[in-house]
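A look at the structure
If you want the building blocks of each chain, they are given just below.
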Amino acid sequence: MRRIVLLLILFLVSGLAAWPGTAHAQRITLTNLVVDNQEGRVKVRFGLGIKAEEAVHEALTRGEVLALECKAVLGRKRDYVWNKDVARAEMSSELVLHEGGPYQIVLPSKRQEHYRGRDVALLMKEAWGTLSMDLGEWSQMERGFTYSLSLEIRLVRREVPEWVKNTVFFWNFDLVPPVKYQLDFSY
């Protein structure tokens, strides 16, 4: 009996590993990652390329609302212990398909920039090709130290209820698997 249960578990695990859609090539690419001082503020500037136009189009035509979520953490690197967090920032940009109409991306900013178009690939390139995040005052960084910027990017389905995410915690509800980038630099 134990052998049958063990074989059944092994079969299920190997079947999930071969499930279509679970193994993807990297579908979010980062370009031009820069950390700099702009008017006394720590700014992170970068561009994104989303290589999942068909999956995005299919999800939007099903009526789903998608969001690009970016989380940046700036920390002072330390030896033998965890990095000390200096600043954090989050950004979310919504992507929708209007009924019978164009796609729309809303960028978070003071002006709430809107991008509209009928070609989702061109629209994502235009809206997400150059992004910026504010990490706070530059004065919080000290000279002579090494810092690490961690950037996590994901394209999520916005309308999945939290209770579903918590109940089925082992399932990934992201449309595109999340990616993480790290940039170490000295100041």
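Residues numbered from 1 in each chain as written. Predicted model: local features only at pLDDT ≥ 70, side-chain atom pairs only at ≥ 80, totals over all residues. Heavy atoms only, no water.

Details of the side chain of Lys43
This is how it is decided: Here a helix means four or more residues in a row that DSSP labels H or I, a strand means two or more in a row labelled E, and each is numbered from the N terminus. Only protein chains enter the accessibility calculation, which uses a 1.4 Å probe; a residue whose area is less than 20% of its type maximum is buried, one above 50% is exposed, and one in between is partly exposed.
Position of Lys43 relative to the elements: it lies in strand S2 (residues 41-50). Since its relative accessible area comes to 19%, Lys43 is described here as buried.

Some words on the environment of Gly136
What counts here: Only heavy atoms enter the contact rule, under which two residues are in contact if any of them lie within 4.5 Å.
Residue position: Gly136 is located in strand S7 (residues 131-137). Measuring from C-alpha to C-alpha, the distance between Gly136 and Arg88 comes to 8.3 Å, with 48 residues separating the pair along the chain. In contact with Gly136, not counting residues within four places along its chain, are Gly40, Arg41 and Val42.

Thoughts on the sheet that holds strand S1 (residues 28-38)
Across a sheet, strands are paired by hydrogen bonds formed along the backbone, either parallel or antiparallel in direction. Which entries qualify depends on this criterion: The pairing criterion for strands is at least two bridges between them, as found by DSSP. Between N-to-C directions, angles span 0 to 180 degrees; the directions come from axes that are lines fitted to C-alpha atoms, helices contributing only their stretch in contact.
On the basis of which strands lie adjacent, the open sheet formed by three strands has the order S1-S2-S7 and antiparallel pairing. Every interior strand has two partners, whereas the edge strands, S1 and S7, have only one. Taken pair by pair, the neighbouring strands of this sheet meet at an average axis angle of 20°, ignoring direction. Pairing geometry for S2 and S7, over five bridges, is antiparallel. From the neighbouring strand, Val44 faces S7, where its bridge partner is Met133.

Section: helix H2 (residues 53-61)
Let me state the cut-off plainly: Throughout, the arc means that of the directions going from the helix axis to the C-beta atoms.
Turning to H2, its buried residues are Ala55, Val56, Ala59 and Leu60. Down the axis of H2, the buried set is contained in an arc of 130°. They therefore lie on one face. The inward-facing, buried residues of H2 contact strand S3 (66-76), strand S4 (84-97), strand S5 (103-107), helix H3 (120-128), strand S8 (146-157) and strand S9 (174-186). With its phi angle positive at about 95°, Gly63 sits one or two positions after the end of H2.

Observations regarding the packing of H2 against H3
A packed helix pair is summarised by two numbers, namely the angle formed by the two axes and the spacing between the axes. Put simply, the rule reads: Any angle that is under 35 degrees is reported as roughly parallel, and any over 145 degrees as roughly antiparallel; angles of 65 to 115 degrees are reported as roughly perpendicular and all others as oblique.
The contact between H2 and H3 brings their axes to 9 Å, and the two run at 105°. In terms of orientation, H2 lies roughly perpendicular with respect to H3. Of the residues in H3, those touching H2 at Glu53, Val56 and Leu60 are Val120, Ala121 and Met124.

Focus on the nonpolar core
Considering soluble globular proteins, one finds that nonpolar side chains tend to be buried as a cluster. Applied cut-off: In this text, buried Ala, Val, Leu, Ile, Met, Phe, Trp, Tyr and Cys residues form a nonpolar core when linked through side-chain atoms within 4.5 Å.
In terms of nonpolar packing, the biggest core is built from 45 residues, with Leu95 and Trp128 touching the most fellow members. In this structure Trp128 touches Gly47, Leu48, Ile50, Leu68, Ser93, Leu95, Ile105, Leu107 and Leu155, once residues within four positions along its chain are discounted.

Concerning a nonpolar patch on the surface
We apply this condition: For patch detection, residues must exceed 30% relative accessible area and be free of salt bridges, and they are connected within 9 Å for like charges or within 5 Å for nonpolar side chains (Val, Leu, Ile, Met, Phe, Trp, Tyr). Per-residue accessibility takes into account occlusion by the displayed protein chains alone, with areas from the Shrake-Rupley method and a 1.4 Å probe. Here a salt bridge means any side-chain nitrogen of Lys or Arg lying within 4 Å of a carboxyl oxygen belonging to Asp or Glu.
Taken together, the side chains of Tyr80, Val81 and Trp82 make up a nonpolar region of the molecular surface, amounting to roughly 520 Å² of accessible area. By secondary structure assignment, the location of Tyr80 is in the loop between S3 and S4.

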